[in-house]
Amino acid sequence: MKGVPILIAVALLVTSTSYGQQPPTPPQNGQQPNGAPLSDSPIEPGPRDVPPGGRASTPAQNVVAVPVPVAPPRPNGPIQKSLVRITATEVAPDYRAPWNAGMLGRGVGAGFVIEGNRIMTNAHVVSNSRYLTVERDGDPNKYPAKVLFVAHDCDLALITVDSPNFYKNMLALKFGGIPELESTVSAYGYPIGGERMSVTTGIVSRIDFQLYTHSSIDQHLAIQISAQINPGNSGGPVMQNAKVVGVAFQGYSGDVAQGVAYMVPTPVINRFLKDVSDGRYDGYVDLGITYGKLQNPAQRKFLGLKDDDRGVLVETVVAAGPCAKILQPGDVLLSIDNHPIASDGNVELEGERVEMPEVVERKFKRDNVKFDIWRDKQSTSGSVQLDTVPPYLMQSHKYDVRPRYVLYGGLLFQPLSLDLLEAYQPTDLRLRHFFDFYVIDQIYREHPDVIVLTNILPDPINTYLAPYRGGIIDSINGKKIHTMDELSQTLAEPADRLVIDLIGDGPPLVLDPKQVEGARERIKMRYNVVREQNLQEQPTAKAPDLQTKI
C-alpha cells in the first residue's frame, strides 16, 4: 500500500500576553518536548491563578518562563562523517540472448567507512557494476570507487576510493556485538523519498537463521528489526550506542509484511573481514548434509537412543561434501565440536541457543569439525575438514560473470541454473525436478551440467523443431553428454547427421551438419550473434581499476 502524505495544519492559541519566545517544537513520535508521553485527550489550558480577594492577577504577575526546547543528543555521534552514498552503473546478464552485453541499469545504496580506508556495503549494491561513485556529506564531488572484495554468499562487500582527499575528516566506525531483543537500533542510509541522509529507528524483534535473498541459497544468522528499510538503505549501518551492530540488507515489500526488515549481524561481518584478511575471499563452508529433528519418543526408542532429548537424524549426505567420508544417512549426530545437539537441532553457543549450523558458520575453509555419532545403536566419533560444496552453486544466483551457452544451427543450449529459470519461467515439471533435486538426489554426479535446449532462432534448417524447446539433452549420436564442454566438442566432430536424444519419451531431434554450416553466417547476421559460444563463466570485462577480487 502506498503511503499518502498528509499535511496537518496546527492552529496556535494567541493570548493577550506576549513572551517574546519562539513556539515550542511540535512533539515528535508521540512524545512531549520533555519526553513524557502525550495524553489521549486534547490539551486544555489550565486555570489562571486567583488570589484570596477574588480578583484575577494581572498578566505581568502571571508570567511563567517557557522552556526553550533543546534538540535531543545524537546517540550514535556524527554519523555524517562516516556514511557515504554509493551510485552503481550496472549491466545485468541477458540469459535469453547471452551473446548480448545485457541491460544497463543504475542503483543507489549506502556504505560506511571502517578502518583501513575501506567502505563496507552490501554485495548487491555493487554486483554486476561497471562504474561506481561515492559521495560524502557536505562534499559536492562524486569520487570513483573500486571493489576490493565481494561476498555474494553473505551479501557483503568492501570498496575503496583512491582519491587522497576523500578520507580527510572521515571517521571509521567500530563494531559492536549482537543487540538484545527489544533494544533500540537506528538505521542510516539514502532511501527513496529524498537525496539527503535518512535515519529510522526501531527495535530488535528477532534473531534467527534466515535465507539471504541475494544468493537465494545461503542461510546465515540475521537480525530482524522494526526500523523501516527501503531501497537505498542497503549497505547502510545499523547503529546502537555509537557502534555498528549490523548492515541493512533486505526486507519484505509492503504487500507481504509491514515493518519487517533484516540486517547482517556482526558475527557474519567479522567472519567476512577475517576471511579477506589474507587478500582473498574463500567463502562459507558447508557440511553438505540434511538432518531432521528427533523429538518423537517412539522414533528415539526405535533408534536405541536415551530419553535425554539429544541428537538429530542425518537424512542425506552430499557425495561432493566434506562429510561424505564419515557420515551416512541414518546416523544420529549427538554433538558437534563438543557442543551437545538437542533433539530440535539447537546447540548452546556463547550462552545462546542457536541452530547447529552456526558452529560451522564461524569456521573457515580447511578448518576441522568433530562429531559424536550414534550408528547402529553404538557410539562412534569422527572429524572432517571443512570445504565448500560446489553443486549448491547451480541453485544460487550468479553475478559478475557471463552466462555459458552454445549456439548451433539456431538452437541455443544452456546449463540449468536459477538465473535461467527466472529468465524463461518454464512450466516443464521435469526441469523443476532436475533443479529442485539436483543436490539431494545427487543428479550432479551424472549431469554436472543439466543442458537445456532453451530457445530456437527460427531458420529454414530448424523448422518444426519448436516442440523440442525446453528439453534436457541426454546424448548426441549415442554419446552421453555430461558437460557443456562435451557438448561443444561433440557438435564440432564431423558426422553425416546429428541425432540429439532428449531425456524422456519422444523421437530424437535430427540436424544435417552441412545445412547447419551453410546457415551459420546467415543466422549470426540475422540475430546479431557476436559469439556462438561461451563455455567458461568468465568475469565480465571491467576497467583495470575496477577488477573484483573473488
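For the structure, check the block above.
Since we're looking at a predicted model, the values are computed, not measured.

**Things to note about the packing of aromatic side chains**
Phase 1: Considering all chains together, one arrives at seven aromatic pairs under this definition.
Phase 2: Here W99 and Y405 contribute two aromatic rings whose centre-to-centre distance is 6.1 Å and whose plane-to-plane angle is 65°, an arrangement assigned as edge-to-face. Here Y405 lies in strand β21 (residues 405-408) and W99 lies in the loop between β1 (83-92) and β2 (103-114), a separation of 306 residues in the sequence.
Phase 3: Residue classification places W99 among the buried positions, given a relative accessible area of 12%.
Phase 4: Among the residues examined, Y405 registers a relative accessible area of 2% and is labelled buried.
Phase 5: Their ring planes at 65° and their centres at 5.7 Å tell us that F272 and Y281 sit as a pair that is edge-to-face.
Phase 6: A residue is classified by how much of its surface remains accessible, and Y281, at 9% relative accessible area, is buried.
Phase 7: Feature note: the residues Y143, F166 and Y167 constitute an aromatic cluster, connected by ring pairs.

**What about the nonpolar core?**
Phase 1: Ranked by size, the top nonpolar core spans 52 residues in total, and within it F413, L416 and L487 carry the most contacts.
Phase 2: When neighbours within four sequence positions are excluded, L487 is seen to be in contact with V406, F413, I451, I476 and I481.
Phase 3: With 33 residues, the next largest nonpolar core counts A151, L221, M239 and V247 among its residues.

**Here's the deal with the pairing of β2**
Phase 1: As paired elements, β1 and β2 share ten bridges and run antiparallel to each other. Considered in β2, the bridge of L83 is made with F112.
Phase 2: The pairing of β2 with strand β3 (residues 118-121) spans three bridges and is classified as antiparallel. For F112, the partnering residue across the bridge sits in β3 and is M120.
Phase 3: With antiparallel pairing between neighbouring strands as the criterion, β2 and β3 make up a hairpin whose turn holds three residues, including G116 at a positive phi of roughly 85°.

**Quick look at the pattern of salt bridges**
Note that side chains of opposite charge can pair when their charged atoms are close.
Phase 1: With the rule as written, the count across this model stands at 22 salt bridges.
Phase 2: Across the salt bridge formed by E195 and R85, the nearest N and O atoms sit 3.1 Å from each other. Linking E195 in the loop between β7 (184-189) and β8 (198-211) with R85 in strand β1, this pair joins segments that are 110 residues apart in sequence.
Phase 3: On the basis of relative accessibility, which here comes to 60%, the residue E195 falls in the exposed class.
Phase 4: In this structure R85 comes out as buried when scored by relative accessible area, which is 10%.
Phase 5: Residue K480 pairs with D474 through a salt bridge whose shortest N-O separation is 2.9 Å.
Phase 6: Via salt bridges that share partners, R85, E135 and E195 belong to a single interconnected network.

**What about the side chain of N233?**
Phase 1: Secondary-structure assignment places N233 in the loop between β9 (219-225) and β10 (237-240).
Phase 2: On the accessibility criterion, N233 (2% relative accessible area) is buried.
Phase 3: Each residue touching N233, except ones within four places of it in the same chain, is listed here: A110, Y188, G189, Y190, P191, Q228 and A248.

**Some words on helix α8 (residues 513-526)**
Phase 1: If you check α8, its first and last C-alpha atoms are 19 Å apart, about what 14 residues at 1.5 Å a residue would give, namely 20 Å.
Phase 2: The axis of α8 is deflected most strongly, by about 45°, at A519.
Phase 3: Lining the buried residues of α8 we find β21, β26 (498-502) and β27 (509-511).
Phase 4: In this structure D512 caps α8, since a side-chain oxygen of it lies 3.0 Å from the backbone nitrogen of K514.
Phase 5: Taken from the residues just after α8, N528 is the one with a positive phi, measuring 55°.

**Some remarks on the sheet that holds β21**
Phase 1: Taking strand neighbours across the sheet as the criterion, the four strands line up as β23-β22-β21-β28 in an open arrangement whose pairing is antiparallel. This sheet does not close on itself; its edge strands, each paired only once, are β23 (451-456) and β28 (533-534).
Phase 2: Here helix α7 (residues 484-492) sits on the sheet in contact with β21, β22 (411-415), β23 and β28, set at roughly 20° to β21.

**Quick look at unusual backbone geometry**
Phase 1: Despite not being glycine, N169 has its phi angle at roughly 70°, a positive value.
Phase 2: Within the secondary structure, N169 is located in the loop between β6 (156-161) and β7.
Phase 3: Its identity is not glycine, yet Y464 carries a phi of approximately 70°, on the positive side.
Phase 4: Examined against the element boundaries, Y464 turns out to sit in the loop between β23 and β24 (473-476).

**With respect to the pairing of β23**
Phase 1: Most of β23 is tucked away, with six of its six residues classed as buried.
Phase 2: Note that β22 and β23 share five bridges and pair antiparallel. Looking at the pairing, P415 lines up with I451 of β23.

**Quick word on the side chain of Q414**
Phase 1: Looking at the secondary structure, you find Q414 in strand β22.
Phase 2: Q414 gets classed as buried once you look at its relative accessible area, which sits at 1%.
Phase 3: There is a polar contact of 3.1 Å between the side chain of Q414 and the side chain of Y424.
Phase 4: Discounting residues that sit within four places of it in the chain, Q414 has contacts with Y95, P98, R404, Y405, L420, Y424, V450, I451, V452, T454 and M484.

Reading the values: the criteria
- By convention here, each chain's residues receive numbers from 1 onward along its written sequence.
- Selection of residues for local features in this predicted model requires a pLDDT of at least 70, selection of side-chain atom pairs for listing and counting requires 80 or more, and totals for whole chains, interfaces and linings are taken over all residues.
- Neither water nor hydrogens contribute to the side-chain values; these are computed over all heavy atoms in the structure.
- Think of it this way: a Phe, Tyr or Trp ring, Trp meaning its six-membered ring, pairs with another when their centres are within 6.5 Å, and the plane angle makes it stacked under 30 degrees, edge-to-face over 60, tilted otherwise.
- For helices the rule is a DSSP run of H or I covering at least 4 residues; for strands it is a run of E covering at least 2, with both sets numbered from the N terminus onward.
- Only protein chains enter the accessibility calculation, which uses a 1.4 Å probe; a residue is then buried when its area is under 20% of its type maximum, exposed when over 50%, and partly exposed in between.
- Residues enter a nonpolar core if they are buried and are Ala, Val, Leu, Ile, Met, Phe, Trp, Tyr or Cys, with the set joined through side-chain atoms within 4.5 Å.
- Contact between two residues is taken to exist if any of their heavy atoms lie within 4.5 Å; hydrogens are not considered.
- Paired strands, as defined in this entry, are two strands with at least two bridges between them according to DSSP.
- Salt-bridge detection follows one rule: a side-chain nitrogen of Lys or Arg within 4 Å of a carboxyl oxygen of Asp or Glu.
- To estimate the expected span of a helix, count its residues, drop one, and scale the result by 1.5 Å.
- Fitting axes to the seven residues ending at a residue and to the seven starting there, one defines the bend at that residue as the angle between these axes.
- Polar contacts here mean pairs of N or O atoms no more than 3.5 Å apart (in protein, one a potential hydrogen donor and the other a potential acceptor; neighbouring residues in sequence count only if both atoms are side-chain atoms).
- Fitting a line to C-alpha atoms yields each axis, with helices limited to the stretch in contact; the angle taken between N-to-C directions then spans 0 to 180 degrees.

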